[in-house]
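# Coordinate inspection notes
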Amino acid sequence: MTTGTRETQVNSSPAVAANAEGEEIEVLESIDILPVASEDYDPENSGFISTERFRDLLMAHGSELDPHKLEVLLALADGSADGKICYQDFVNLLLCPHRKKRRTENKDRFRGGCQTYKNMSNKRSNSFRRAILQGSRQLKGCSLRDEAGLGLPQRLVRHVAYETLPREVDRKWYFDSYTYCPPPWLILAITIAEVAVFMHYGFQLERLVLQVSSPSFLKSPLPYHPQLRAQTWRYLSYIFMHTGIEHLSLNMAMQLLVGVPLEMVHGALRIGLVYLCGVLAGSLAVSVTDMTAPVVGSSGGVYALVSAHLANVVMNWSGMKCQFKLFRMAMALVCMSVEFGRAVWLRFYPPAFPPCPNPSFVAHLGGVAVGLTLGVVVLQNYEQRLQEQSLFWIFFFVYSLFVLCAVFWNIFAYSLLDVRLPPPP
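Okay, so let's go over this structure. This structure is a prediction, so every number in the text was calculated from the model and none was measured. Every chain's residues receive numbers from 1 upward, in the order its sequence appears when written. With the structure being a predicted model, the display of local features is reserved for residues of pLDDT at least 70 and the display and counting of side-chain atom pairs for 80 or more, all residues being used for whole-chain, interface and lining totals. Calculation of side-chain values draws on the structure's entire complement of heavy atoms; hydrogens and water are dropped beforehand.

### Observations regarding helix α13 (residues 325-348)
Taking 1.5 Å of rise per residue, the 24 residues of α13 would be expected to cover 34 Å, and the 35 Å separating its terminal C-alpha atoms lies within 8% of that figure. All of the buried residues along α13 are K325, M329, A332, M336, E339, R342, A343, L346 and R347. Strands are runs of DSSP state E lasting at least 2 residues, helices are runs of H or I lasting at least 4, and numbering of each runs from the N terminus. Expected span, for any helix, means 1.5 Å times one less than how many residues it has. Each residue gets one of three labels from its accessible area relative to the maximum for its type: buried under 20%, exposed over 50%, partly exposed in between, using a 1.4 Å probe on protein chains only.

Structure, rendered in structure tokens:
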């Protein structure tokens, strides 16, 4: 072992984060406190350390660690059935991908005894979660709700943790590791773009309510139209057009109230995956089941996020500690029902410019289907690598198969069924 980077010598359990994201993960302040040289705790270079030595280290230095992280470390030791834990698991628990290493004063101090680890993350998986949940002792210490003296940003992070995470260990882990860099930019950027596009067409069409009744509404290059389905960007770009301010307002409220907290916890990549899969599933579902109708609005992506979150709350009802959860869940369902009912009414309302029908409501159902399958798996596996979850691959395969079938349907079915399509806008 050199003073450089310690090479991983075993395939550690999933608490070890080894996803190659290419960015350097710097050492948390606590690693400046704990001596983690492997010669002392793993003299045989087996990649494992005994729980006795692990406990000795915690007893000697645990008072200097963050109390929340100490609880997780103790639970990991108690959950080990074979008397040993992976050395790399221990190291990763001392790392955080968002906090910076103390600079020059610690560099010289630990140059000979501590290591700087690269290309790691603190992603965990089911075996690590079982070690936490099957520990023989109860996690001690007060809950996050009992902590006082927190600033406004910390209180917001704590609020988001209780809104989205069902386990106290995960809530504490998230509270300790989250920073606002990067901020939840994805949902905010999409919402700002939707508002900007709506205002642009509002001034251009000279109306804000029921813009869909304007003869120029569908002439935009953004909405999905069955006659223009060969323009593949329309399967995604339709989210930036809305039928009116009432449509935009409901979607924007649900998108911000649910999407921003979820992005703060799960990250832009995961939430973006669920959102875009819902958007694409919505337009493809319309092209298969409501073949003559256009599509506008971000309801496919919004309903994917909201339905995934509501399903996650129901599945972890006893663990979710958000306030007034029954009332708030009822209100969310009411908002979804009102927006969906408005879409159904508009679809069958006589169109202003026949024979082109009003926009379809089926995109909502496509989003719900994605949220209840792919979305639930993503939200259920906080801080765990999705590529190690078999259920994720099952649902992703089913989703990919649906997309493939829908593509062939769009290529061949319209001509084979001799569907009478409305004229292009």
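### As for the packing of helix α11 (residues 245-289) against helix α12 (residues 299-315)
Convention adopted: a line fitted to C-alpha atoms gives each axis, helices being fitted over their contacting stretch, and angles between N-to-C directions are expressed from 0 to 180 degrees. As a packed pair, α11 and α12 sit with axes 7 Å apart at the nearest point and diverge in direction by 70°. By the angle between their directions, the pair α11 and α12 is classed as roughly perpendicular. Here the hand of the crossing between α11 and α12 comes out left-handed. Together, H247, N251, M254, Q255, V258, G259, L262, I271, V274, Y275, G278 and V279 of α11 and S299, G300, G301, V302, Y303, A304, L305, V306 and H309 of α12 make up the contact between the two elements. Charged means Asp, Glu, Lys or Arg here, nonpolar means Ala, Val, Leu, Ile, Met, Phe, Trp, Tyr, Cys or Pro, and polar covers whatever is left, Gly included. The residue makeup of the contact of α11 with α12, split by class, is 12 nonpolar, nine polar and no charged. Angular relationships are summarised with four words: roughly parallel below 35 degrees, roughly antiparallel beyond 145, roughly perpendicular across 65 to 115, and oblique for the angles in between. In this scheme the crossing of two helices becomes right-handed for a clockwise turn of the near helix relative to the far one and left-handed for an anticlockwise turn of less than a right angle. Contacts between residues were defined by any pair of non-hydrogen atoms, one from each residue, lying within 4.5 Å.

### Some points on the pattern of salt bridges
One speaks of a salt bridge when a side-chain nitrogen belonging to Lys or Arg is within 4 Å of a carboxyl oxygen belonging to Asp or Glu. Per the counting criterion, the structure on display carries four salt bridges. R347 is the partner of D290 in a salt bridge, and the nearest nitrogen-oxygen pair spans 2.9 Å. Linking D290 in the loop between α11 and α12 with R347 in helix α13, this pair joins segments that are 57 residues apart in sequence. Here the two residues D290 and R347 agree in accessibility, since each one is buried. As a salt-bridge pair, R342 and E339 come within 2.9 Å of each other at their nearest N and O atoms. Of the two residues, R342 and E339 are both situated in helix α13; the distance of three residues between them amounts to about one turn of the helix. Note on accessibility: R342 and E339 belong to one class, buried.

### A look at the nonpolar core
In terms of nonpolar packing, the biggest core is built from 62 residues, with Y174, Y224, Y238, Y275, V306 and V370 touching the most fellow members. For this core, the elements supplying multiple residues, two or more each, are α7 (152-164), α8 (168-177), α9 (185-205), α11, α12, α13, α14 (362-380) and α15 (390-416). Looking at this core, the element that brings in the most residues is α11, giving 15 residues. Apart from residues lying up to four places away in sequence, Y174 is in contact with V157, V160, A161, L165, M264, V265 and Y382. What makes a nonpolar core is a set of buried Ala, Val, Leu, Ile, Met, Phe, Trp, Tyr and Cys residues whose side-chain atoms join them at distances within 4.5 Å. Y201, L205, M241 and V296 belong to the second largest nonpolar core, which has 11 residues in total.

### Quick word on the side chain of K325
Mapped onto the elements of the fold, K325 is located in helix α13. Only four residue types enter the tally: Lys and Arg on the positive side, Asp and Glu on the negative side; His and the chain ends are excluded. It turns out K325 is buried and unbridged, and the closest side chain with the opposite charge, E163, is 11 Å from it. Polar contacts, as counted here, are pairs of nitrogen or oxygen atoms within 3.5 Å of one another; within protein the pair requires one atom able to donate a hydrogen and one able to accept it, and residues that are adjacent in sequence qualify only if both atoms are side-chain atoms. A polar contact is formed between the side chain of K325 and the backbone oxygen of W317, at a distance of 2.4 Å. Apart from residues no more than four positions distant in its own chain, K325 is found in contact with W317, S318 and M320.

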